[in-house]
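# Understanding the architecture of this molecule
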Amino acid sequence: YEAVTGANAGVRCTDVLGNFTDIDIVLQIINVDDNGPTFANGALHTASSIAEGTLDGSVVYTAVATDAPHDSAGPTITYSLPDQSALFVDAKNSNFFSINSSTGELTLTESVDYETHPSLVCVITATDQALNSSQQTVTFPINDVDENRPTFSGSAYGDDLLVNSGLNAVVYTA
């Protein structure tokens, strides 16, 4: 369709006596949606970092795909997550995300830990009304956050303070 939208042909039928009839045939080629959606950030994308300890339920990414419209209503794209464990050797990535099928918002389903997963990978599928689909692989670096509270080495602290110690005098060093 993109190259040729139609064709014309003439047909003549002749009998044994030489009588004939001519007919013109007009072929109209109908456009069919044969292209999958295109992701705005490409098929491979590295997203913004996720801070370690980000809670489940947090939206961490929004997939955006477009599809050339082929009717006046325009395209409708739905988003889904294929079985992630089948896509990666490291199945630890498989259960970290859920996706809103109409908005493309990707949500964490559990809190992330840098020491266990320094990065996460997710594959998102976008499908148009004609059931054409394409996939985007998104990598999420995880930012390491100091999870350890400061500790004091002793159990009691104190020292004598002279009455005339003066301004800016050091009164204790930990």
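Notes on the structure in this doc start here. (Residues numbered from 1 in each chain as written. Predicted model: local features only at pLDDT ≥ 70, side-chain atom pairs only at ≥ 80, totals over all residues. Heavy atoms only, no water.)

### A look at the overall build of the protein
Rule in force here: Helix numbers and strand numbers start at the N terminus; a helix is a DSSP run of H or I with at least 4 residues, a strand a run of E with at least 2. In this description, contact between two residues means that some pair of their heavy atoms is separated by no more than 4.5 Å. Using the Shrake-Rupley algorithm and a 1.4 Å probe, accessible areas are obtained, with residue cover drawn only from the displayed protein chains.
Broken down by element type, the protein carries one helix and 12 strands. Sequence separation of at least 24 residues holds for 62% of the intrachain contacts in the protein that already meet a minimum separation of 6. Carbon together with sulfur atoms contributes 53% to the accessible area of the protein, which is approximately 12,000 Å² in total.

### Examining the packing of aromatic side chains
To be explicit about the condition: Any pair of Phe, Tyr and Trp rings, taking the six-membered ring for Trp, is counted once the centres come within 6.5 Å. Such a pair is stacked with planes under 30 degrees apart, edge-to-face with planes over 60 apart, and tilted for the rest. Remark: exposure states derive from per-residue accessible area (1.4 Å probe, protein chains only) relative to the maximum for the residue type, with buried under 20%, exposed over 50%, and partly exposed in between. Two conditions define a charge located above a ring, namely a distance within 6 Å from the ring centre to NZ of Lys or CZ of Arg, and an angle within 35 degrees of the ring normal.
With the rule as written, the count across this model stands at two aromatic pairs. Plain terms: the ring middles of Y61 and F140 are 5.9 Å apart, the flat faces sit at 85° to each other, and that makes the pair edge-to-face. Highlighted residues: Y61 in strand 6 (residues 59–62) and F140 in strand 12 (residues 133–143), separated in sequence by 79 residues. The class for Y61 is buried, based on a relative accessible area of 9%. Taken together, the ring pairs in this structure connect Y61, F97 and F140 into an aromatic cluster. Sitting over the face of the ring of F20, R12 holds its NZ or CZ atom 4.0 Å from the ring centroid.

### Observations concerning the pairing of strand 12
Taken residue by residue, a regular strand's side chains alternate between the two faces of the sheet. Inclusion rule: By definition, two strands form a pair when at least two bridges between them are found by DSSP.
Covered by surrounding structure in strand 12 are S134, Q136, V138, F140 and I142 only, the residues S133, Q135, T137, T139, P141 and N143 on the alternate face being uncovered. Strand direction decides the pairing type here: strand 4 (residues 44–46) and strand 12, joined by three bridges, are parallel. Note on strand 12: the bridge partner recorded for T46 is T139. As defined by bridge partners, strand 5 (residues 50–51) adjoins strand 12 across two bridges and the pair is classed as parallel.

### What to know about the environment of T109
Relative to the assigned elements, T109 resides in the loop between strand 10 (105–108) and strand 11 (119–127). Under the relative-accessibility criterion, T109 is labelled partly exposed at 34%. Taking C-alpha positions, T109 is 8.1 Å from S58, a pair spaced 51 residues apart along the chain. Ignoring any residue separated from it by four or fewer positions in sequence, one finds T109 in contact with D56, N95, F96, F97 and S98.

### Digging into a nonpolar patch on the surface
For the record, the criterion: Patches here are clusters of residues that have more than 30% relative accessible area and form no salt bridge, with a 9 Å joining cutoff for like charges and a 5 Å cutoff for nonpolar side chains (Val, Leu, Ile, Met, Phe, Trp, Tyr). Throughout this description, the term salt bridge denotes a Lys or Arg side-chain nitrogen within 4 Å of a carboxyl oxygen of Asp or Glu.
On the surface, V11, I23, I25 and L27 cluster together to form a nonpolar patch covering roughly 320 Å² of accessible area. Take the nonpolar patch: its biggest share by element is three residues, from strand 2 (residues 20–28). Here I23 is to be found in strand 2. The class for I23 is partly exposed, based on a relative accessible area of 47%.

### Quick notes on the nonpolar core
Rules: Think of a nonpolar core as a cluster: buried Ala, Val, Leu, Ile, Met, Phe, Trp, Tyr and Cys residues, connected wherever their side-chain atoms sit within 4.5 Å.
One finds Y61, Y79, F97, L106, I124 and F140 to be the most contacted residues of the largest nonpolar core, which totals 22 residues. Those elements giving two or more residues to this core turn out to be strand 6, strand 9 (97–99), strand 10, strand 11 and strand 12. Among the elements that make up this core, the one with the highest residue count is strand 11 (four residues).

### A short note on the side chain of Q136
Basically, it comes down to this: N or O atoms within 3.5 Å of each other form a polar contact, as long as, within protein, one can give a hydrogen and the other can take it, and as long as residues adjacent in sequence are counted only when both atoms are side-chain atoms.
When you line up the elements, Q136 lands in strand 12. We classify Q136 as buried; its relative accessible area is 1%. Polar contacts involving the side chain of Q136 include one to the main-chain carbonyl oxygen of G42, which spans 2.9 Å. If we skip the residues at most four places from it in the chain, Q136 touches F39, N41, G42, A43, H45, Y61, A63, C122, V123 and I124.

### Quick look at unusual backbone geometry
Of note, the phi angle at L131 is positive, near 70°, even though the residue is not glycine. The residue L131 is located in the loop between strand 11 and strand 12 in this model.

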